[in-house]
Amino acid sequence: MLALHRSVYAFLPGKALATGITIVAIAATLSACATGESARRAGDSKGTTPTSSSDQPANPSSAACAVDDAPVTIPVNSTFADGAWLKDAFSGQRVQVRQGEVTIAPALGSEGVILLEPVEPETQHFSWAGATVYFALTDRFNNGNPANDNAYGRQPDGDQEIGTFHGGDFAGLTQKLDYIAALGVDALWISPPVEQIHGWVGGGDQGDFRHYGYHGYYGLDFTVPDASYGSEAEFRTLVDEAHKRNIRVVMDVVLNHPGYSTLQDMQDFKFGALFEGFEQYLPEHWGNWQPESWENLHAYHALIDYDNTNAWANWWGKDWVRAGIADYDSPPNATIDPIRGSLAFLPDFKTESAQPVSLPAFLTSKADTRARPLDGATVRDYLIAWQTDWVRRYGIDGFRVDTVKHVEPATWIALKAAGQQALDNYRKSHPDNPLPASDFWMVGEVFPHAVTRSHYFDEGFDAVINFDFQEQAKAGALCLPAMEPVYRQYAESLQGEKAFNVMSYISSHDTALFSSETADDPLLQKRVAAALLLAPGTTQIFYGDESARIAGPGGSDPQQGTRSDMNWRAIDSGEVAALIEYWQTLGQFRQRHPAIGGGQHKMLSERPYAFSRQNGNDKVIVVFARK
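Calculation notes
- Residues numbered from 1 in each chain as written.
- Predicted model: local features only at pLDDT ≥ 70, side-chain atom pairs only at ≥ 80, totals over all residues.
- Heavy atoms only, no water.
- Helix = DSSP H or I, 4+ residues; strand = E, 2+ residues; numbered from the N terminus.
- Buried < 20%, exposed > 50% of the residue type's maximum accessible area, 1.4 Å probe, protein only.
- Contact = heavy atoms within 4.5 Å.
- Lys, Arg positive; Asp, Glu negative; His and termini not counted.
- Charge placed at Lys NZ, Arg CZ, Asp CG, Glu CD.
- Core = buried A, V, L, I, M, F, W, Y, C linked by side-chain atoms within 4.5 Å.
- Phe/Tyr/Trp six-rings, centres within 6.5 Å; stacked < 30°, edge-to-face > 60°.
- Lys NZ or Arg CZ within 6 Å of the ring centre and 35° of its normal.
- Axes fitted to C-alpha atoms, helices over the stretch in contact; angles between N-to-C directions.
- Parallel < 35°, antiparallel > 145°, perpendicular 65-115°, else oblique.
- Left-handed = near helix turned anticlockwise from the far one by under 90°.
- Nonpolar A, V, L, I, M, F, W, Y, C, P; charged D, E, K, R; others polar.
- Pairing = 2+ DSSP bridges.
- Disulfide = S-S within 2.5 Å.
- Salt bridge = Lys/Arg side-chain N within 4 Å of Asp/Glu carboxyl O.
- Polar contact = N/O pair within 3.5 Å; in protein donor to acceptor, adjacent residues only side chain to side chain.
- Expected span 1.5 Å × (residues − 1).
- Arc of directions from axis to C-beta.

### Description of the overall build of the protein chain
And then number 1: Secondary structure summary: the protein chain contains 19 helices and 22 strands in total.
And then number 2: By its C-alpha atoms, the protein chain is 90 × 55 × 45 Å across when sized along the principal axes.
And then number 3: Taken over 627 residues, the protein chain has a buried fraction of 61%.
And then number 4: Intrachain contacts of the protein chain at a sequence separation of at least 6 include 74% that bridge at least 24 residues.
And then number 5: Separation between the mean location of the 49 positive side-chain charges and that of the 77 negative ones in the protein chain comes to 5 Å.

Below, the structure written as structure tokens:
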């Protein structure tokens, strides 16, 4: 399919229109170039289709094990000495260790979970291995400044709003930092804040919705924030206010690709070309183009002359990207060459090239860019300079790096070094700020990485995302003891001879929401909090995991539904208060005890199921009372 990119574009205007074949007849061929984020992910071998509610039993929690609210006796002598006083984080009940045991009943509403810690625990130092990261897709989280909702002329589609901007912004995130902090969150992962393509591409296999870069992965100018997300001042406030709450900020970065070309960007930045006479078929604002009744939203490609070499030189340029148009190089199939291949026809940055490049033509005339010519710089040099400038200017604590396996390792090594240098520069200019801390952190998305120590840990990454846990957590939601082999294997691997770290999750913008995978079952949404937040390694909460956010419409691209709006109405009304309180208790317990993520795991008892986590003087015991 990738090899057809240029020939498809060449075919459209000449053959299709001359012979009277409508664009719909070849929409299936074109769809991959504009399917959007899920198609990009499919190119990265992550095109997992979310499980629909119709595929789930009507009441999944009917298979959950029953819990016991009667007192249970737990052997604790290997962790706490006789006479030590412990307390349960759920109930606040205190018990004293006698003859190596404690007897205690689970709190009402705790789902049989008892969280034992010293009555007066010592304050522990932060560790990424024990951290909880909250991932918020900025546009879908909270609208704090409605004045920026229609930046660059972007408009709602008046339909399901599957791929349009919804108004979430930096100001909205800042307003909800106390809510995030109450979950015991140590770091906020924000979607890429950079300026996105102004226009849209046809979304889904059927071109049935307008797909803008609301998610942040269709970058246009990597040096400035997207106006729909907010201003530089609002971004600075977000980072500063997060730091005041002891929350680190991890910024999502993309070095594999920029966003697609769109009609609106062609008009705004004067690159690319229409076929002669075809401008008459466009409205004054090109992004407002509408297909005919027999066409879908991929049909606008028929208006564009993708072979006009001079016109397309004004875009990124052939020295910057492989795009398969005009005189640009055609990328190979990504399955054959994952480094030089294109993901879903996105332009592929030539990060591996040693050739010095000039600033792209459209950026040289862009009034508000911070991009400036760099003497002798390669594509890699420019991209790293642009991304790490956010660290240098705002004090970003780390990067979540997108599509890692599709960029050569040398780029990641250079990015980590430059990120650390930029952080050092920021700290030197702000010596009195406790955050950001001294070490720059990088976590990578490497599908389908699991809990193994791979070469990526020698190439700049402190952690990688763990794609195994989402499925494993389902069993833990049904009955927590099912997690014992998982917890044991994770702890032994992560704390092995050569320690490493992974970040585990139950919901993702790339795969599915846990709520969708379990038919929106409220009991499982509650119980899975323990399965996740007691896991070794770093854990990630996807916005709304804690509030039972449900999937939205996805059209012909199911992954879009995972990016639904945060369910503030249910939260503010108190409808999910008990669920959120449960997540808060577990999250704060985890935050007080980094040993949960970074300590040694030891099972103490099968019935009741009990285990300890210990790292030096940081000790806890977790119990699950099952009938």
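### As for the nonpolar core
And then number 1: Ranked by internal contacts, the top residues of the largest apolar core, which has 159 residues, are Tyr134, Trp312, Trp320, Trp386, Leu480, Leu534 and Trp583.
And then number 2: Ranked by residues supplied to this core, first place goes to helix H11 (residues 379–394) with eight residues.
And then number 3: Ignoring any residue separated from it by four or fewer positions in sequence, one finds Leu534 in contact with Leu115, Leu480, Tyr487, Leu586, Arg590, Ile596, Phe611, Arg613 and Val622.
And then number 4: Within the second largest apolar cluster, 16 residues are counted, among which are Val97, Val102, Ile114 and Ile621.

### Quick look at the packing of aromatic side chains
And then number 1: Overall, the coordinates contain 48 aromatic pairs when judged by the stated rule.
And then number 2: Ring centres of Phe170 and Tyr229 lie 6.0 Å apart, and the angle between their planes is 55°; on these two criteria the pair is classed as tilted. With Phe170 in helix H5 (residues 170–175) and Tyr229 in the loop between strand S11 (219–225) and helix H7 (232–244), this pair connects stretches of sequence that are 59 residues apart.
And then number 3: Just above the ring of Tyr214 sits the side chain of Arg140; from NZ or CZ to the centre is 3.8 Å.
And then number 4: Positioned above the aromatic ring of Phe542 is the side chain of Arg549, whose terminal nitrogen or guanidinium carbon lies 5.0 Å from the ring centre.

### Comments concerning the packing of H11 against helix H12 (residues 409–429)
And then number 1: Look at H11 against H12: their axes get within 8 Å of each other, and the N-to-C directions meet at 30°. The angle between H11 and H12 falls in the class roughly parallel. As for the relative orientation of H11 and H12, their crossing is right-handed in sense. Across the interface between the two elements, Arg380, Ile384, Thr388, Val391, Arg392, Arg393 and Tyr394 from H11 touch Ala410, Thr411, Ala414, Leu415, Ala418, Gly419, Ala422, Leu423, Asn425 and Tyr426 from H12.
And then number 2: Classifying every residue of the contact of H11 with H12 gives 10 nonpolar, four polar and three charged.

### Some remarks on the pairing of strand S4 (residues 101–104)
Looking along a regular strand, one sees side chains alternate from face to face of the sheet.
And then number 1: Only one face of S4 is buried, namely the one carrying Val102 and Ile104, since none of Glu101 and Thr103 on the opposite face is buried.
And then number 2: In terms of strand pairing, strand S1 (residues 72–75) meets S4 through four bridges, oriented antiparallel. When the bridges of S4 are listed, Thr73 appears paired with Thr103.

### Some words on the sheet that holds strand S18 (residues 502–505)
And then number 1: Overall, parallel pairing links the eight strands, which are arranged S6-S7-S12-S15-S16-S17-S18-S19 in a closed barrel. The sheet shows a mean angle of 25° between the axes of neighbouring strands, taken without regard to direction.
And then number 2: By the bridge criterion, two bridges tie strand S16 (residues 441–444) to strand S17 (residues 463–466) in an arrangement that is parallel. Note that in S17 the partner of Val443 across the bridge is Ala463.

### Observations concerning the sheet that holds strand S5 (residues 113–118)
And then number 1: The antiparallel open sheet is built from six strands, whose spatial order is S3-S2-S5-S22-S21-S20. Looking at the sheet topology across the chains shown, the edges are occupied by strand S3 (94–96) and strand S20 (600–606). Neighbour-to-neighbour, the strand axes of the sheet open up by a mean angle of 25°, direction not taken into account.
And then number 2: Pairing between S5 and strand S22 (residues 618–624): four bridges, direction antiparallel. From the neighbouring strand, Leu116 faces S22, where its bridge partner is Ile621.

### Re the state of the cysteines
And then number 1: Taken as a whole, this structure holds one disulfide when the rule is applied.
And then number 2: Disulfide partner of Cys65: Cys479, at an S-S distance of 2.2 Å. Disulfide Cys65-Cys479: the torsion about the S-S bond is 100°, which places it as right-handed. Here Cys65 is found in the loop between helix H3 (37–43) and S1, whereas its partner Cys479 is found in the loop between helix H13 (469–478) and helix H14 (484–494), with 414 residues between them in sequence. Exposure class is identical for Cys65 and Cys479. Each is buried.

### Let's talk about unusual backbone geometry
And then number 1: The step from Phe447 to Pro448 runs through a cis peptide bond, and the omega angle for that step is 0°.
And then number 2: Assignment of secondary structure puts Pro448 in the loop between S16 and S17.
And then number 3: For the bond running from Arg607 to Pro608, omega is 0°, close enough to zero to count as cis.
And then number 4: Looking at the element boundaries, Pro608 is found in the loop between S20 and strand S21 (609–615).
And then number 5: Although it is not a glycine, Gln99 adopts a positive phi angle of roughly 50°.
And then number 6: Within the chain, Glu161 stands out as a residue other than glycine whose phi angle is a positive 55°.
And then number 7: Tracing the chain through its elements places Glu161 in the loop between helix H4 (138–141) and H5.
And then number 8: For Glu161, a relative accessible area of 18% translates into the label buried.

### Digging into the side chain of Glu546
And then number 1: Here Glu546 is to be found in the loop between strand S19 (538–542) and helix H17 (568–572).
And then number 2: No salt bridge is formed by the buried Glu546. Its closest oppositely charged neighbour is Arg549, at 7.4 Å.
And then number 3: In terms of polar contacts, Glu546 uses its side chain to reach the side chain of Tyr134, at 2.8 Å.
And then number 4: At 2.5 Å, the side chain of Glu546 forms a polar contact with the side chain of Tyr179.
And then number 5: Ignoring any residue separated from it by four or fewer positions in sequence, one finds Glu546 in contact with Tyr134, Tyr179, Leu183, Ile541, Met566, Leu579, Ile580 and Trp583.

### Some points on H7
Along an α-helix, residues three or four apart share an orientation, since each turn contains 3.6 residues.
And then number 1: Its 13 residues place the ends of H7 18 Å apart at the C-alpha level, agreeing with the 18 Å of an ideal helix rising 1.5 Å per residue.
And then number 2: Listed as buried for H7 are Phe235, Leu238, Val239, Ala242 and His243. When H7 is viewed along its axis, its buried side chains cluster within an angular range of 125° and face the same direction. Projecting away from the buried face of H7 at angles above 90 degrees are the exposed residues Ala233 and Lys244.
And then number 3: If you follow the buried residues of H7, they end up packed against H5, helix H6 (177–181), strand S7 (187–190), strand S12 (248–253) and H11.
And then number 4: Following H7 by one or two positions, Asn246 has its phi on the positive side, about 65°.

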